[in-house]
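Coordinate inspection notes
For reference, the chains in residue letters:
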Amino acid sequence: MGNRLSKIYTRTGDQGETGLGDGRRVPKSHPRIEAIGEVDSLNSQLGVLLAGLAEQGLEEVTTVLAPCQHRLFDLGGELAMPSYQALNQAEVERLEAVIDVWNEELGPLKNFILPSGSMLVAQAHVCRSLARSAERRCQQLHALEPLEGVGLAYINRLSDLLFVAARIIGRRQGVAEVLWQPAEKPQG
């Protein structure tokens with residue numbers, strides 16, 4: 001692959017528009033650009049999580065999540081080039097298979113848990129919440145311009161995987177889950 005970005009700034013977006021892969025110009029506030037931005041934010045935070053996992057030697061979780069960065073880039077490509085399809089059902093099924101294996105080990109939740117316990121657990125929950133935000137932006141776009149392929153299912157399943165990954169990370173670190181403690185009901 002040659003040099004694809006020979007110039008970082010182009011000045012073409014200075015007036016509030018940006019280009020899509022199909023040549024169209026759209027406002028930077030367009031739902032498609034919002035969706036691309038949320039997917040990009042998720043990908044960046046996932047990179048932070050992966051760096052922390054590597055530092056802690058949690059290779060099992062890294063092996064599962066590292067490909068997700070590439071698939072998020074693929075999803076961003078699908079959003080930027082509406083006729084482009086990169087994701088496939090096998091990717092969704094891969095996430096489901098890991099969720100099933102990890103969930104079997106963890107067992108059912110009996111209480112709500114907080115995004116806390118360790119930096120890595122909390123970061124996995126940051127990624128989970130960003131995946132939900134990206135999913136909402138993709139769904140908003142889908143309501144205006146129907147999306148083809150499995151991108152919506154992938155981002156939904158990824159948020160589920162990140163929730164289970166947070167729990168697995170805590171287990172691998174020997175960190176207890178922080179259970180939600182509801183406020184006491186007011187007297188009166």
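Reference entry: report on the structure contained in this document. The shown structure was predicted, so the numbers you read here are calculated from the model rather than taken from an experiment.

1. What to know about the overall build of the protein
Helix and strand counts for the protein come out as five helices and two strands. From first element to last, N terminus to C terminus, the protein shows the α and β order β-β-α-α-α-α-α. On the principal axes, the C-alpha backbone points of the protein span a range of 55 × 50 × 30 Å. Out of the 188 residues in the protein, the part that is buried amounts to 37%.

2. So, empty space enclosed by the protein
Following the criterion strictly, the structure yields one cavity of 30 Å³ or more and no others. A volume near 70 Å³ is recorded for the largest cavity. Lining the largest cavity are 13 residues, with I113, S116, V121, A166 and E177 sitting closest to its centre. Contributions of two or more residues to the lining of the largest cavity are made by α4 (119-144) and α5 (151-173). Broken down by element, the residue count for the lining of the largest cavity peaks at three residues, all from α5. Of the residues that constitute the lining of the largest cavity, the class distribution is seven nonpolar, four polar and two charged.

3. Details of the pattern of salt bridges
This structure, assessed with the given rule, holds eleven salt bridges. Notably, a salt bridge pairs R157 with E96, separated by 2.8 Å at the nearest N-O pair. Residue R157 is found in helix α5, and its partner E96 is found in helix α3 (residues 89-106); the two are separated by 61 residues along the sequence. We classify E96 as partly exposed; its relative accessible area is 27%. E105 serves as the salt-bridge partner of R172, at 2.6 Å between the closest nitrogen and oxygen. Here E105 lies in helix α3 and R172 lies in helix α5, a separation of 67 residues in the sequence. Under the relative-accessibility criterion, E105 is labelled partly exposed at 35%.

4. What about helix α2 (residues 59-80)?
Between its first and last C-alpha atoms α2 spans 32 Å; for 22 residues at 1.5 Å apiece the expected length is 32 Å, and the two agree. For α2, the full list of buried residues reads V61, T62, V64, L65, C68, L72, D74, L75, G76, G77, E78 and L79. For α2, the elements touching its buried residues are α1 (31-56), α3, α4 and α5.

5. Re the state of the cysteines
On inspection of all chains with the given rule, the structure shows zero disulfides. Lacking any disulfide linkage, C127 is separated from the closest cysteine sulfur, that of C68, by 10 Å. No disulfide involves C138; its sulfur sits 15 Å from the nearest other cysteine sulfur, which is in C68.

6. Observations regarding the packing of α3 against α5
It is the contact of α3 with α5, at a shortest axis distance of 9 Å, that shows an interaxial angle of 30°. As the angle between them shows, α3 and α5 are arranged roughly parallel. Crossing angle aside, the handedness with which α3 passes α5 is left-handed. Two secondary-structure elements touch here, α3 through E91, V92, L95, E96, V98, I99, W102, N103, E105 and L106 and α5 through A153, Y154, R157, L158, D160, L161, V164, A165, R167, I168, R171 and R172. Tallied by class, the residues present in the contact of α3 with α5 amount to 13 nonpolar, one polar and eight charged.

7. Observations concerning the environment of R32
With respect to the secondary-structure elements, R32 resides in helix α1. Between the C-alpha atom of R32 and that of A80, which follows or precedes it by 48 residues, the distance is 7.5 Å. When neighbours within four sequence positions are excluded, R32 is seen to be in contact with L20, R24, E78, L79, P82, L141, E145 and L147. Of the polar contacts made by the side chain of R32, one reaches the side chain of E145; its length is 2.6 Å.

Definitions and limits used
Residues numbered from 1 in each chain as written. Predicted model: local features only at pLDDT ≥ 70, side-chain atom pairs only at ≥ 80, totals over all residues. Heavy atoms only, no water. Helix = DSSP H or I, 4+ residues; strand = E, 2+ residues; numbered from the N terminus. Buried < 20%, exposed > 50% of the residue type's maximum accessible area, 1.4 Å probe, protein only. 1 Å grid on protein atoms, 1.4 Å probe; cavity = no way out; pocket = protein on both sides within 12 Å on 5 of 7 lines; lining within 4 Å. Points joined across faces, edges and corners; volume = space filled by probe spheres on them. Nonpolar A, V, L, I, M, F, W, Y, C, P; charged D, E, K, R; others polar. Salt bridge = Lys/Arg side-chain N within 4 Å of Asp/Glu carboxyl O. Expected span 1.5 Å × (residues − 1). Contact = heavy atoms within 4.5 Å. Disulfide = S-S within 2.5 Å. Axes fitted to C-alpha atoms, helices over the stretch in contact; angles between N-to-C directions. Parallel < 35°, antiparallel > 145°, perpendicular 65-115°, else oblique. Left-handed = near helix turned anticlockwise from the far one by under 90°. Polar contact = N/O pair within 3.5 Å; in protein donor to acceptor, adjacent residues only side chain to side chain.

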